[in-house]
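An overview of the molecular structure
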Amino acid sequence: MLLNKVTSHFTLPAVDLAWPELATRDVLSGLILAMFALLMVVEIRAGRGVRHDRTVRASYRANLATFLFNDIAMSLLSVSSLLAIADRYADHGVLAEVESPWLQGLLGFVLLDLTLYFWHWANHRFPWLWIFHKVHHSDRSMNVTTAFRLHVGEVLLTMAVKALFVVVTGISSTLVLVNEAIITLFVMFHHLDVSFRGERLLGRLLVVPRLHRAHHSALRAEHDRNYGAVFSLWDRLFGTLVEIEPDRVGLRYVREQGFLELLKFGFVYAYLPNQQTLRAMIAEAAYFRAEKRGFAPGFELFDWLDAEREITEAM
């Protein structure tokens, strides 16, 4: 059922679970669905004034279609067979000897969040990972559905990383489900298109929407920051935190895309304009500069250089 698989993009479902564990999984899946619906309502009613924007509506449609496709793909590709290996060795990791389940759960959660920080950093650092991750950043309207705007290639790689995490740490399947459900809720939360009182203060510890909006900035220097999923302290600790309000979110030179376009976009590395297109853009910008001053002669070179600098900095 879709309800049972709704967390498949974020969680590591076990195989041959006992009844209590299966019930826990169902409850967590239902909780995530309910919270997702609630956050959408909050965003629509109390968002930052962009609910009437057609770009937002297009984003909702594309992101929800992508989520449904990924959900089906995870089932058809039998990714759970990979995760079954992790479940088999889950009691032999570095946290397996921790007797207190509460302490094991806490340590596992913190270590998982740290792992996701480095994984997120790697997705920005290495081109062969960015090729998939850029699909997430191509959304021109950051909203709660953006949390599910993930290319199936990134979903598969992330699942493999999390399976390795379970093997290394040795946490139980139940703790995996609980920890991942909490992280999923936080991911939905920090993609919300809202602002609220106390957000800056809360952001000293946790990733809040104002911090994650900077991560979705259209400027590369800004979106290569704020990698945290739950705790903002990792960005503070490793010097990757930035606190700004971006002028625009999304990717420059990438228009809003539908589901099929997003699927194809994940296999395309070069999306910036080529040299011929770049020269045409500079020429057009230089023309408008000349037009503003009445085409007075003698300033052509300055117009070109100013236009070139402006467009280069914008990239």
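Preceding this section is the structure that the text describes.
**Focus: the packing of aromatic side chains**
Applying the stated criterion to the full structure yields twelve aromatic pairs. When the centroid spacing of 5.9 Å and the interplanar angle of 80° are considered together, the rings of phenylalanine 109 and phenylalanine 231 count as edge-to-face. Residue phenylalanine 109 is found in helix α5 (residues 101-125), and its partner phenylalanine 231 is found in the loop between α11 (220-223) and α12 (233-238); the two are separated by 122 residues along the sequence. This pair shows no difference in class: phenylalanine 109 is buried, exactly as phenylalanine 231 is. With a centroid separation of 5.3 Å and 75° between ring planes, the pair formed by tyrosine 117 and phenylalanine 118 is classed as edge-to-face. Among the aromatic residues, ring-to-ring pairing joins Tyr117, Phe118, Tyr227 and Phe238 into one connected group. One cation-aromatic arrangement involves lysine 134 over phenylalanine 265; the distance from NZ or CZ to the ring centre is 4.5 Å. Stacked on the ring of tryptophan 130, the Lys or Arg arginine 220 has its end atom at 5.1 Å from the ring centre.

**Quick word on the environment of histidine 190**
Take histidine 190: it is sitting in helix α8 (residues 173-190). Given a relative accessible area of 2%, histidine 190 falls into the buried group. Sequence-wise, histidine 190 and alanine 229 are 39 residues apart; in three dimensions their C-alpha atoms are separated by 8.2 Å. In contact with histidine 190, other than residues within four places in its own chain, are Met142, Val207, Val208, Pro209, His212, Gly228 and Ala229. Engagement of the side chain of histidine 190 in a polar contact is seen with the backbone oxygen of alanine 229, the distance being 3.1 Å.

**Points about the pattern of salt bridges**
In total, this model carries eight salt bridges according to the counting rule given. For glutamate 180, the salt bridge identified is with lysine 162, shortest N-O distance 2.9 Å. Here lysine 162 lies in helix α7 (residues 152-169) and glutamate 180 lies in helix α8, a separation of 18 residues in the sequence. Given a relative accessible area of 2%, glutamate 180 falls into the buried group. Classification of lysine 162 by relative accessible area gives buried; the value is 4%. Put simply, arginine 210 and glutamate 243 hold a salt bridge, and the shortest N to O gap is 3.0 Å. Of this pair, arginine 210 sits in helix α10 (residues 209-215) while glutamate 243 sits in the loop between α12 and α13 (259-265), placing them 33 residues apart in sequence. Classification of glutamate 243 as partly exposed rests on a relative accessible area of 39%. Taken together, the shared-partner salt bridges in this structure form one network comprising Asp139, Arg149 and Glu256.

**Some thoughts on the environment of alanine 290**
Looking at the element boundaries, alanine 290 is found in helix α14 (residues 275-292). Using a relative accessible area of 11% as the deciding quantity, one classes alanine 290 as buried. Along the sequence, alanine 290 and phenylalanine 302 sit twelve residues apart, while their C-alpha atoms lie 9.7 Å from each other. With sequence-adjacent residues up to four places away left out, alanine 290 is seen in contact with Phe295 and Asp303.

**Details of a nonpolar patch on the surface**
Together, Tyr89, Val94, Leu164, Val167 and Val168 line one region of the surface with nonpolar side chains, adding up to about 440 Å² of accessible area. Within the secondary structure, leucine 164 sits in helix α7.

**Details of α8**
A rise of 1.5 Å per residue sets the reference length of α8, with its 18 residues, at 26 Å; its end C-alpha atoms lie 26 Å apart and thus fit the reference within 8%. Within α8 the residues assigned to the buried category are Ser173, Leu175, Val176, Leu177, Asn179, Glu180, Ala181, Ile183, Thr184, Val187, Met188 and His190.

**Overview of a positive patch on the surface**
On the surface, a cluster of positive charge is contributed by Arg54, Arg57, Arg61, Arg140 and Arg248. Position of arginine 54 among the secondary structure elements: in helix α3 (residues 54-76).

Conventions adopted
Residues numbered from 1 in each chain as written. Predicted model: local features only at pLDDT ≥ 70, side-chain atom pairs only at ≥ 80, totals over all residues. Heavy atoms only, no water. Phe/Tyr/Trp six-rings, centres within 6.5 Å; stacked < 30°, edge-to-face > 60°. Helix = DSSP H or I, 4+ residues; strand = E, 2+ residues; numbered from the N terminus. Buried < 20%, exposed > 50% of the residue type's maximum accessible area, 1.4 Å probe, protein only. Lys NZ or Arg CZ within 6 Å of the ring centre and 35° of its normal. Contact = heavy atoms within 4.5 Å. Polar contact = N/O pair within 3.5 Å; in protein donor to acceptor, adjacent residues only side chain to side chain. Salt bridge = Lys/Arg side-chain N within 4 Å of Asp/Glu carboxyl O. Patch = residues over 30% accessible without salt bridge, like charges linked within 9 Å, V, L, I, M, F, W, Y side chains within 5 Å. Areas by Shrake-Rupley, 256 points an atom, 1.4 Å probe, with all protein chains shown as cover. Expected span 1.5 Å × (residues − 1). Lys, Arg positive; Asp, Glu negative; His and termini not counted. Charge placed at Lys NZ, Arg CZ, Asp CG, Glu CD.

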